[in-house]
Amino acid sequence: MSSDMPDVTSLSLDAALHVSFMDVDERCTVGHDAVLLHDNSPRQLSNIDQTHTASDERALNELVAPAISLRPLRQIETVKSSECLEGMASPSFRSVGTPRTGLNSSDHHPMLVEAWENLRKSLVYFRGKPVGTIAAVDSTQEALNYNQVFVRDFVPSAFAFLMNREPEVVKNFLLKALRLQAWEKRIDCFTLGEGAMPASFKVLHDPVRKSDTMIADFGESAIGRVAPVDSGFWWIIILRAYTKSTGDHSLADKPDCQRGMRLILTLCLAEGFDTFPTLLCADGCSMIDRRMGIYGYPIEIQALFFMALKCAKLMLKPEAGGKEFIERIDKRLHALSYHIRSYFWLDFQKVNKIYRYKTEEYSHTAVNKFNVIPDSIPDWVFDFMPTRGGYFIGNVSPARMDFRWFLLGNCVAVLSSLATPEQSSAIMDLIEERWMDLVGEMPLKISYPALEGHEWKIVTGCDPKNTRWSYHNGGSWPVLIWLLTSACIKTGRPQMARKALELVESRLSKDGWPEYYDGKLGRYIGKQARKFQTWSISGYLVAKMMMDDPSHLGMISLDEDKKMKTHLSRSASCTF
Ligand code: GLC
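Residues numbered from 1 in each chain as written. Predicted model: local features only at pLDDT ≥ 70, side-chain atom pairs only at ≥ 80, totals over all residues. Heavy atoms only, no water.

Novice: How do you make sense of the environment of Gly-284 when you look at a structure like this?
Specialist: Looking at the secondary structure, you find Gly-284 in the loop between α9 (255-268) and α10 (299-315). C-alpha of Gly-284 to C-alpha of Ile-223: the two residues are 61 residues apart in sequence and 8.8 Å apart in space. Setting aside residues no more than four positions away along its own chain, Gly-284 makes contact with Val-226, Asp-289, Arg-290 and Ile-294. (Helix = DSSP H or I, 4+ residues; strand = E, 2+ residues; numbered from the N terminus. Contact = heavy atoms within 4.5 Å.)

In structure tokens, the structure reads:
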């Protein structure tokens, strides 16, 4: 977990951060009535309420446009307010609207209503409009930065609201994040790339001035000071989901959104010294935001990169520089899918092949291209690998294969069609074959297996939060159920998702919706887990709604590109 963001009063203690926060300081006040007067009635089933969006769009446009073009050091906005958004243990409440999901379903699980109630409690309002959901509504623990809106944590919330025909908060979030992207981002004397999106943002309230302040964290407050590489990708993915589910292309078509996408693409398509099409990353730059040995080319980021490129390609307009990006995207997608499908893929045959690798091979005829030393295959791999099944390993770089399993990257690979249909089936086979290891008593293991002993010391830097089978180190994260469920539906295995959902339903609400579980089987509520963790709640909702109406998959999943398929089946050097 990232460290707390310094509060505004303590900023003068830290000169570097002071500069940075003064740059990103933004003020406005929130209309009292606006917060209280939300429409709590159930939405119409077939009609997306578009009436409110035109004026909201205008209001947010007014906020977004000048920031994008001028990149001012300090933006001040003031409207009336008396609603306190600070002290997020009690964020702006909105009473429960009837969830649309389950209306036609035979399965009215009581957890659904409770989940909706909690999800709405996590809504954060800025200028009277919902702009996101905070990470956790747990008043029993120190908030740290769990009282912020994390971009990645908002993903399942966004899908839940879209599936429930409530696109407004998603649109507001997208525009707000876009505006934050336009801020100057500085860590000490160094300025981050223009396209970087924040890991999280927070709305503060000044009860005296009746004004709100927004602060954002681009990595300058995070533990290890790592910028989130995933945020920009998730932003693009949410934008495409919004467009797909509402049919409203006007948001993605806006010059600001087009520019936002191009800025993100400029960062990740930049040419440099790379010999691989994958993105080189620092440790802790994604959901796993502490040192866990994922530096290099982590599968989570590569899969998100691939998915975001495909989504951006669908939304970029050729005019105003978009054409050039579309061409670059095409080339990169091609290279990326070839690289990952070939070199990250591991199954029984491949383990055997690596086991028999010769080393010190030189030139184009080399079979062991990255000079992986067979002795570096950890013992657990030989037992873990079933004869049926396979997966994309954690990382591939010179002489280094991180053989660990990471759920997020593999499910995103299935959903984005980075995995071929055969690979997607094999990934699902593996989960089925290794159910106790990867699902256990509480879905789902974020990574497998845990690092222990000396390896844990070296790789995590003795991190006490990431001890074996806890947190990022082999802990179980209920939020991941939405990813598994979508992958199950895509590959035609709803029964697997149903089984996992039963496990979730047997405990998650009783346990107070924890952030994560500990232990080999995920049996124990995590040592430092927050309760009422928003993405544990929204992840469950998304999974349920998708099981109820599998057509929702369309906003998350992308079809395979036929051109890439042809290329791979013809490729002589392809290894599967
Ligand atoms: C932890 C998680 C990170 C998440 C944040 C807020 O830091 O590692 O992925 O975004 O909490 O929930």
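Novice: Explain the nonpolar core here, please?
Specialist: Nonpolar side chains in soluble globular proteins tend to end up buried together. Grouped together as the largest cluster of nonpolar side chains are 171 residues, with contacts concentrated most on Phe-159, Trp-235, Ile-431 and Leu-480. In this view, Trp-235 contacts Leu-174, Ala-177, Leu-178, Met-197, Cys-257, Gly-260, Met-261 and Ile-264; residues no more than four positions away in its chain are not counted. (Core = buried A, V, L, I, M, F, W, Y, C linked by side-chain atoms within 4.5 Å. Buried < 20%, exposed > 50% of the residue type's maximum accessible area, 1.4 Å probe, protein only.)

Novice: Would you mind showing me how to read the site of the ligand here?
Specialist: Near the ligand lie 13 residues; those nearest to it are Asp-153, Met-287, Asp-289, His-472 and Gln-533. Interatomic distance of 3.4 Å between a side-chain N/O atom of Tyr-471 and an oxygen atom of the ligand. For the ligand, an oxygen atom lies 2.7 Å from a polar atom in the side chain of His-472. Considered on its own, the ligand offers 310 Å² of accessible surface; in the complex 100% of this is hidden by protein. In terms of residue class, the shell around the ligand is built from seven nonpolar, two polar and four charged. (Near = heavy atom within 4 Å. Polar contact = N/O pair within 3.5 Å; in protein donor to acceptor, adjacent residues only side chain to side chain. Areas by Shrake-Rupley, 256 points an atom, 1.4 Å probe, with all protein chains shown as cover. Nonpolar A, V, L, I, M, F, W, Y, C, P; charged D, E, K, R; others polar.)

Novice: Would you mind going over the side chain of Lys-445 with me for this structure?
Specialist: In this fold, Lys-445 is placed in the loop between α16 (435-438) and β15 (447-448). Within the buried set, Lys-445 has no salt-bridge partner at all; the shortest N-O distance to an opposite charge, 7.8 Å, is to Asp-518. Within polar-contact distance, the side chain of Lys-445 engages the backbone oxygen of Gly-474 at 3.0 Å. (Lys, Arg positive; Asp, Glu negative; His and termini not counted. Salt bridge = Lys/Arg side-chain N within 4 Å of Asp/Glu carboxyl O.)

Novice: Help me out: how do you make sense of the pairing of strand β4 (residues 129-133) in this one?
Specialist: A regular strand places its side chains on the two faces of the sheet in alternate fashion. With respect to burial, β4 is a largely interior element, five of its five residues being buried. In this antiparallel pair of consecutive strands, strand β3 (residues 123-126) and β4, the connection spans two residues, and Arg-127 shows a positive phi of 55°. (Pairing = 2+ DSSP bridges.)

Novice: Any chance you could explain the packing of aromatic side chains here in plain terms?
Specialist: To describe a pair of aromatic rings, you give the distance between the ring centres and the angle between the ring planes. Summed over the entire model, instances satisfying the criterion amount to 23 aromatic pairs. Ring centres of Phe-233 and Phe-305 lie 5.5 Å apart, and the angle between their planes is 25°; this geometry places the pair in the stacked category. Separated by 72 residues along the polypeptide, Phe-233 in helix α7 (residues 230-246) and Phe-305 in helix α10 bring together distant segments of the chain. Overall, Phe-233 belongs to the buried group, its relative accessible area being 3%. A relative accessible area of 0% means that Phe-305 is categorised as buried. (Phe/Tyr/Trp six-rings, centres within 6.5 Å; stacked < 30°, edge-to-face > 60°.)

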